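Breakdown of the fold
One letter stands for each residue in the lines below.
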There are 4 protein chains.
Amino acid sequence: MKIRGFMAAIVLILGLSVITGLGTKAQNIAQNLSDSKTSRKAINTQDISLEQANLVLEKAKAKAIKLGTKMDIAIVDAGGNLKAFARMDGACLGCIDIAIRKARTARLFDRPSGELGKLSQPGGSLYAIEHSNGGLITFPGGLPLKDARGNILGAIGVSGDTVENDLLVAQAGADALVWMSR
Amino acid sequence: MKIRGFMAAIVLILGLSVITGLGTKAQNIAQNLSDSKTSRKAINTQDISLEQANLVLEKAKAKAIKLGTKMDIAIVDAGGNLKAFARMDGACLGCIDIAIRKARTARLFDRPSGELGKLSQPGGSLYAIEHSNGGLITFPGGLPLKDARGNILGAIGVSGDTVENDLLVAQAGADALVWMSR
Amino acid sequence: MKIRGFMAAIVLILGLSVITGLGTKAQNIAQNLSDSKTSRKAINTQDISLEQANLVLEKAKAKAIKLGTKMDIAIVDAGGNLKAFARMDGACLGCIDIAIRKARTARLFDRPSGELGKLSQPGGSLYAIEHSNGGLITFPGGLPLKDARGNILGAIGVSGDTVENDLLVAQAGADALVWMSR
Amino acid sequence: MKIRGFMAAIVLILGLSVITGLGTKAQNIAQNLSDSKTSRKAINTQDISLEQANLVLEKAKAKAIKLGTKMDIAIVDAGGNLKAFARMDGACLGCIDIAIRKARTARLFDRPSGELGKLSQPGGSLYAIEHSNGGLITFPGGLPLKDARGNILGAIGVSGDTVENDLLVAQAGADALVWMSR
């Protein structure tokens, strides 16, 4: 209906242009309106669903159990906002905030949190980037969550053990999203 | 390729079920795999583009000039993150933060900031909600930015004059997005 | 081993008291040691498990679906720390923080968040308590989570709709914990 | 009126000085008052206009497009307050805050953000200066914005790619202001 109305407006302008002899100018106006319409599209994006987030949580938790450890696991959406969270019984309290920040960091910069940490060391190109965005965590355990085509739908952050184990658990979660979106 | 591989796995399971006589159970497994695939889709969303945001800024600014006033104007995206901002010459410094918070508030709750303010008064159902989300602004001047079909693509926040004028300028910006997405 | 060593120490003191004739005084010391042992015990507490928290989340989510609404749901443990969280698809972004704060508020004061709000109004006995603890939310939607005997194991916070619906969903979650701990 | 009153006061003092024979001293007082008048002028400053800021944004964005990258670009005014901002479609979310902080850092210290970073390393003369001013960003991508005569009118901050590319884009913006103020 609305597209039809817009087309009608263009036709009306063109029609008036013939009647009034203002052809060229009216055609330009119609053309400009048309151009501005087509170039001002919204961006099509995708976001992680709660069902996906919960499966990622489950797979990450299963990996933690297999490793014999206890983790805090956070999932943020494409906008960097918290989508789902689970703290395994006995997992460390301070790791709640770290898990959430790792997930946020991974989405804010679309890369593993630990890669940022390599660049934020003294002398590094991103030295002290941790001071931005209300406090980043730049050691391993945060990963972007991508579907099978590589679209970033959110991020996962894991904290509770060594950064090596944190990363293994995060990877298990990230792998699950790739698998389920195939 | 990946879908084909998945189909092949299902066929393989079904085929094995015939051979081994475990028909019912194998079919259930294949069915479950298939169900979990189809129900775990990502959410399709839309986000405001910079070109759209800049046009919204321009239309809001034009309205401010028409009103003979000076405004700070902020646009946030669908995730509540800053997309574009302009402070007109002579617009108040404290209004920078307020314009951004109005826009964020409008998107965080998908309604005009001023509507939230009606409910956050003493005795209201959302009394003191301003303490959440790092500080909300709940007086008028923040509006969700919707396309012509009503999808929320972001929000606009305007500050610099009376809240009545702030709202008029925000509305001019919001109207522009509806118009351009028709 | 340690209890046996402790008993031995008491016997030794009693034995020495007989030998030295300082019977009464030595008996007092032994008595005091024994008393202090019984009174210096740690506090036995109970905390919500992740399995319980996830079931509470599920029941709350089911209630939200029944009401035809979308909610952010947070569970905090007995220490007031985040235990589990879920944001339903399409639930409001600003409600993430509010749900978590409602849960924290309910546990920090061991009462429904809305009861605190009645006392925090202008002129009320707890006026502006929202400024404490990094920001409280004192309107309805936060409830302590108690087991069947009334022990508080944590709290639930729900945000996403009217405070009436938020409270209904929180109550469904709280009821689930009572039921499962019978 | 006030100037006349002031002149009258000087005349009165001079007149008194003649009468009382305290000529030299009174003349000194009058001279000092007159001097202090001329030295207590306000400071003449210059500030970036929105039109200038938008042109700087455009030129920076054009450079980013030429480099095939996506940037967050912030302009602050002479007071270090946000003047204009644009996030290119697909530019990283965490770079919003970094772009703004780079611009602020460049203006707060009137030098490229990266020069500060050389001094803020462990052992450096400004070690950990990032902790001041609510959080600085001291790696490259922030530049003072100067007119053709070298007056600082504000600053630009760019974030979204390598610090080398961030700096190239910031420089394109800074060059534009020099060019347009010639």
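Throughout what follows, the structure given in this document is the object of discussion. (Residues numbered from 1 in each chain as written. Chains lettered and ligands numbered in written order. Predicted model: local features only at pLDDT ≥ 70, side-chain atom pairs only at ≥ 80, totals over all residues. Heavy atoms only, no water.)

**A look at the state of the cysteines**
Residues and elements named next belong to chain B. What the rule picks out here adds up to four disulfides over all chains. Two residues, Cys92 and Cys95, share a disulfide whose sulfurs are 1.7 Å apart. Measuring the twist about the S-S bond at about 90°, one finds the Cys92-Cys95 disulfide to be right-handed. On the basis of relative accessible area, Cys92 is assigned to the partly exposed category, the value being 30%. When its relative accessible area of 7% is taken as the criterion, Cys95 is described as buried. (Disulfide = S-S within 2.5 Å. Buried < 20%, exposed > 50% of the residue type's maximum accessible area, 1.4 Å probe, protein only.)

**So, the interface of chain B and chain A**
Taken residue by residue, the interface counts 26 residues in chain B and 26 residues in chain A. Summed over both sides, the interface between chain B and chain A buries roughly 2500 Å², with carbon and sulfur atoms accounting for 49% of that surface. At the junction of chain B and chain A, the tally comes to zero salt bridges. Where chain B meets chain A, there are nine residue pairs in polar contact (both at pLDDT 80 or more). At the level of elements, α2 (23-39), β1 (43-47), α3 (50-66) and α6 (163-180) of chain B are the ones that each hand at least two residues to the side of chain B that touches chain A. Residue contributions to the side of chain B that touches chain A peak at five residues, all from β1(B). For the side of chain B that touches chain A, the class distribution of residues is nine nonpolar, nine polar and eight charged. (Contact = heavy atoms within 4.5 Å. Buried area = accessible area lost by both parts, 1.4 Å probe. Salt bridge = Lys/Arg side-chain N within 4 Å of Asp/Glu carboxyl O. Polar contact = N/O pair within 3.5 Å; in protein donor to acceptor, adjacent residues only side chain to side chain. Helix = DSSP H or I, 4+ residues; strand = E, 2+ residues; numbered from the N terminus. Nonpolar A, V, L, I, M, F, W, Y, C, P; charged D, E, K, R; others polar.)

**Describing the pattern of salt bridges**
If you walk through the whole model with that rule in mind, you get 32 salt bridges over all chains. Between A:Asp147 and A:Arg149 there is a salt bridge, with the nearest N and O atoms lying 3.2 Å from each other. Looking at A:Asp147, the relative accessible area reads 4%, which means it is buried. A:Arg149 sits in the exposed class, given a relative accessible area of 59%. Among the ionic pairs, D:Asp77 bridges to B:Arg87, the shortest N-O distance being 2.9 Å. Taken together, the residues D:Asp77 in strand β1 (residues 72-77) and B:Arg87 in strand β3 (residues 82-87) connect one chain to another. The class for D:Asp77 is buried, based on a relative accessible area of 3%. Residue B:Arg87 is classed as buried on the basis of its relative accessible area of 3%. Put simply, A:Asp72, A:Arg87 and C:Asp77 are held in one network by salt bridges that share partners.

**Observations concerning the pairing of strand β2 (residues 82-87) of chain C**
Most of β2(C) sits inside the fold, with six of its six residues counted as buried. Relative to β2(C), strand β3 (residues 82-87) of chain A is paired through three bridges, and the arrangement is antiparallel. Its bridge partner lying in β2(C), A:Ala84 is registered against C:Ala86. Pairing of strand β1 (residues 72-77) of chain C with β2(C), which is carried by five bridges, proceeds in the antiparallel orientation. Pairing of C:Ile75 across the sheet is with C:Ala84, part of β2(C). Hairpin connection of β1(C) to β2(C): four residues between the antiparallel strands, including C:Gly80 at a positive phi of 80°. (Pairing = 2+ DSSP bridges.)

**Looking at the relation of the copies chain B and chain A**
Between the two copies, chain B and chain A, the superposition gives an RMSD of 0.0 Å; the rotation angle is 180° and the shift along the axis is 0.0 Å. Between the two chains, the operation in question is that of a two-fold axis. A shared binding surface is used by both copies, with 100% of the interface residues of chain B retained as interface residues in chain A. (Least-squares fit on C-alpha atoms with pLDDT ≥ 70 in both.)

**What to know about the interface of chain A and chain D**
The interface of chain A with chain D comprises 16 residues on the first partner and 20 residues on the second. Regarding the contact of chain A and chain D, the summed buried area is about 1400 Å², with carbon and sulfur atoms giving 65% of it. Counting across the interface, chain A meets chain D through six residue pairs in polar contact (both at pLDDT 80 or more).

**Re the relation of the copies chain A and chain D**
Once chain A is rotated about the relating axis by 89° and shifted along it by 0.4 Å, it coincides with chain D to within an RMSD of 0.1 Å. Read as a symmetry element, the transformation amounts to a four-fold axis. Residue A:Pro122 of chain A places its C-alpha closer to the rotation axis than any other residue of that unit, at 4.8 Å. Little of the interface of chain A is mirrored in chain D, where only 19% of its interface residues again form contacts.

**Thoughts on the sheet that holds β1(C)**
Pairing within the open sheet is antiparallel, and its eight strands lie in the order β4(A)-β5(A)-β2(A)-β3(A)-β2(C)-β1(C)-β4(C)-β3(C). Two strands close off the open sheet at either side, each with one partner strand: β4 (142-146) of chain A together with β3 (142-146) of chain C. In this sheet, adjacent strand axes meet at a mean angle of 20° when their direction is disregarded. Sheet topology note: the β4(A)/strand β5 (residues 152-159) of chain A ladder contains five bridges and is antiparallel. The residue bridging A:Leu143 from the neighbouring strand is A:Ile156, located in β5(A). With respect to the sheet, helix α6 (residues 163-180) of chain A is in contact with β2 (72-77), β4 and β5 of chain A, its orientation differing from that of β4(A) by roughly 5°. Along the sheet, helix α6 (residues 163-180) of chain C makes contact with β3 and β4 (152-159) of chain C, crossing β3(C) at roughly 5°. (Axes fitted to C-alpha atoms, helices over the stretch in contact; angles between N-to-C directions.)

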